[in-house]
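Chain by chain, the residues run as shown.
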Amino acid sequence: MRHRQLVGLTFAGLLAVWILLVGSLATQELVFGAVAAAGITWFSAPLLFTRAELPPLTFRRAAALVAYCAYLVREVVIANLHVAYIVLHPRLPISPGFVRFSTKLRSELGRAALANSITLTPGTLTVEAEQDDFLIHALTAQAAQGVVGWEAEDRLRRLEAAEG
């Protein structure tokens, strides 16, 4: 995708989210939402789209992306239940710690997706991501070990390799 298309999609997406949140198509809300979406797009576009261009969105890549998102939602729900169990347990069985590992993902976008996926999953936090090396903080030793060799990395590698 070209830069202008990405900026346009960002603006349209932000405006759509605004409309959904406000729940109104009144002129005042639309104008305010459009101004806010334009401002956010204007400030964030240089950060989001200048460092790396997104690969073309082919059918295979779109299917792999949808599958990855569904997988990630499932993992987030499971991790939420695990964290809820820990918090509600009378002994609060936490064993926080750090784990460092290297990823096999090639693209900057893939590594960013992995780092964000880890952070989105309750009980884990990406503290540092330098090239291929990641430093992760986890609420439990089990969660820390689960990050190393997590299936999400393999799914993201398949997403990187997906072609039209």
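For the structure, check the block above.
Residues numbered from 1 in each chain as written. Predicted model: local features only at pLDDT ≥ 70, side-chain atom pairs only at ≥ 80, totals over all residues. Heavy atoms only, no water.

## Some thoughts on the packing of helix α3 (residues 59-88) against helix α6 (residues 151-161)
Step number 1: Where α3 meets α6, the closest approach of the two axes is 9 Å, and the angle between their N-to-C directions is 165°. Accordingly, the angle class assigned to the pair α3 and α6 is roughly antiparallel. Judged by the twist between their axes, the crossing of α3 over α6 is left-handed. Between α3 and α6, the contacting residues are Arg-61, Ala-64, Leu-65, Ala-67, Tyr-68 and Tyr-71 on the first element and Glu-151, Ala-152, Arg-155, Leu-156, Leu-159 and Glu-160 on the second.
Step number 2: Within the contact of α3 with α6, the residues separate by chemical class into eight nonpolar, no polar and four charged. (Axes fitted to C-alpha atoms, helices over the stretch in contact; angles between N-to-C directions. Helix = DSSP H or I, 4+ residues; strand = E, 2+ residues; numbered from the N terminus. Parallel < 35°, antiparallel > 145°, perpendicular 65-115°, else oblique. Left-handed = near helix turned anticlockwise from the far one by under 90°. Contact = heavy atoms within 4.5 Å. Nonpolar A, V, L, I, M, F, W, Y, C, P; charged D, E, K, R; others polar.)

## Some words on the packing of aromatic side chains
Two aromatic rings, taken as a pair, are described by how far apart their centres are and by the angle between their planes.
Step number 1: Using the criterion set out here, one finds five aromatic pairs in the structure.
Step number 2: Seen in terms of ring centroids, Tyr-68 and Tyr-71 are 6.3 Å apart; in terms of plane orientation they differ by 40°. Their pairing is tilted. Of this pair, Tyr-68 and Tyr-71 both sit in helix α3, three residues apart, which is roughly one turn of the helix.
Step number 3: According to the relative accessible area criterion, Tyr-68 is buried, its value standing at 6%.
Step number 4: Owing to a relative accessible area of 4%, Tyr-71 belongs among the buried residues under this scheme.
Step number 5: Aromatic side chains Tyr-71 and Trp-150 sit 6.4 Å apart centroid to centroid with 45° between the ring planes, which places their arrangement in the tilted category. Here Tyr-71, found in helix α3, pairs with Trp-150, found in the loop between α5 (141-147) and α6; they are 79 residues apart in sequence, far enough to count as distant. (Phe/Tyr/Trp six-rings, centres within 6.5 Å; stacked < 30°, edge-to-face > 60°. Buried < 20%, exposed > 50% of the residue type's maximum accessible area, 1.4 Å probe, protein only.)

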